[in-house]
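# Observations on chain architecture
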Amino acid sequence: EVQLVESGGGLVQPGGSLRLSCAASGFTFGNYDMSWFRQAPGKGPEWVSTINWRGGSTYYADSVKGRFTISRDNARNMVYLQMNSLKPEDTAVYYCAAAFAWGQYDYWGQGTQVTVSS
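To keep things clear, this report deals only with the structure shown in the data block. (Residues numbered from 1 in each chain as written. Predicted model: local features only at pLDDT ≥ 70, side-chain atom pairs only at ≥ 80, totals over all residues. Heavy atoms only, no water.)

## Examining unusual backbone geometry
Residues other than glycine seldom take positive phi values, yet Asn77 does so here, at roughly 55°. One non-glycine residue, Ser85, lies in positive phi territory at about 50°. Among the structural elements, Ser85 can be located in the loop between strand E8 (78-83) and strand E9 (92-101). (Helix = DSSP H or I, 4+ residues; strand = E, 2+ residues; numbered from the N terminus.)

What follows is the structure, given as structure tokens:
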């Protein structure tokens, strides 16, 4: 059974930090690019970041560039999103997704809530 399970979300003050984790199982993790998306209330999904299958290339949306860092550990089937200098507009449900081909997201997690508020 393919699973992507996010964790690490929660409530944080503006300027604070969180690290999200995504645990993958049921597929060949090292063959897939991994991405993070987010969806705020009443909004459509927004792409946040991608790391390629070996971890050598990373990509970020302009809205998070310089604040967020994506990483992966293929030995543990894990992908992470370190989020620093958080802003209220970062509030959303964050999802990890796996893509075998560029832009084709085959698997999605259930999401973890991030709330940035004072």
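## Structural notes on the state of the cysteines
The final tally for this structure, using the stated rule, is 1 disulfide. Each disulfide pairs two cysteine sulfurs, and for Cys22 the partner residue is Cys96, the sulfurs being separated by 1.9 Å. Around the S-S axis, the bridge from Cys22 to Cys96 shows a dihedral of about 50° and counts as right-handed. Taken together, the positions of Cys22 in strand E3 (residues 18-25) and Cys96 in strand E9 put the pair 74 residues apart, joining distant regions of the chain. (Disulfide = S-S within 2.5 Å.)

## Side note on the sheet that holds E3
Pairing between sheet strands relies on hydrogen bonds along the backbone, with the strands arranged either parallel or antiparallel. Spatially, the 4 strands line up as an open sheet ordered E1-E3-E8-E7, and their pairing is antiparallel. Since the sheet does not close on itself, it has two edges, and those belong to strand E1 (3-7) and strand E7 (68-73), each with one partner. On average, each strand axis in the sheet is inclined to that of its neighbour by 15°, with strand direction left out of account. As paired elements, E3 and E8 share 6 bridges and run antiparallel to each other. Bridge pairing in E8 places Ala23 opposite Met78. (Pairing = 2+ DSSP bridges. Axes fitted to C-alpha atoms, helices over the stretch in contact; angles between N-to-C directions.)

## Points about the nonpolar core
Judged by nonpolar contacts, the single largest core of 28 residues is most densely connected at Leu4, Trp36, Phe68, Val79, Leu81, Met83 and Tyr94. Among the elements of the structure, E3, strand E4 (33-39), strand E5 (46-51), E7, E8, E9 and strand E11 (112-116) are those that each provide at least two residues to this core. Sequence-distant contacts of Phe68, that is, excluding residues within four places in its chain, are made with Arg38, Val48, Tyr60, Leu81, Gln82, Met83, Asn84, Leu86, Asp90 and Tyr94. (Core = buried A, V, L, I, M, F, W, Y, C linked by side-chain atoms within 4.5 Å. Buried < 20%, exposed > 50% of the residue type's maximum accessible area, 1.4 Å probe, protein only. Contact = heavy atoms within 4.5 Å.)

## Quick notes on the pattern of salt bridges
Applying the stated criterion across every chain yields a total of 5 salt bridges. Between Glu46 and Arg38 there is a salt bridge, and its shortest N-O distance comes to 2.8 Å. Look at Glu46 and you get partly exposed, because its relative accessible area is 31%. The partner of Arg67 in a salt bridge is Asp90, and the shortest N-O contact between them spans 2.8 Å. Linking Arg67 in the loop between strand E6 (58-60) and E7 with Asp90 in the loop between E8 and E9, this pair joins segments that are 23 residues apart in sequence. Judged on exposure class, the residue Arg67 and its partner Asp90 are both buried. In this structure, a network of salt bridges that share partners links the residues Arg38, Glu46, Arg67 and Asp90. (Salt bridge = Lys/Arg side-chain N within 4 Å of Asp/Glu carboxyl O.)

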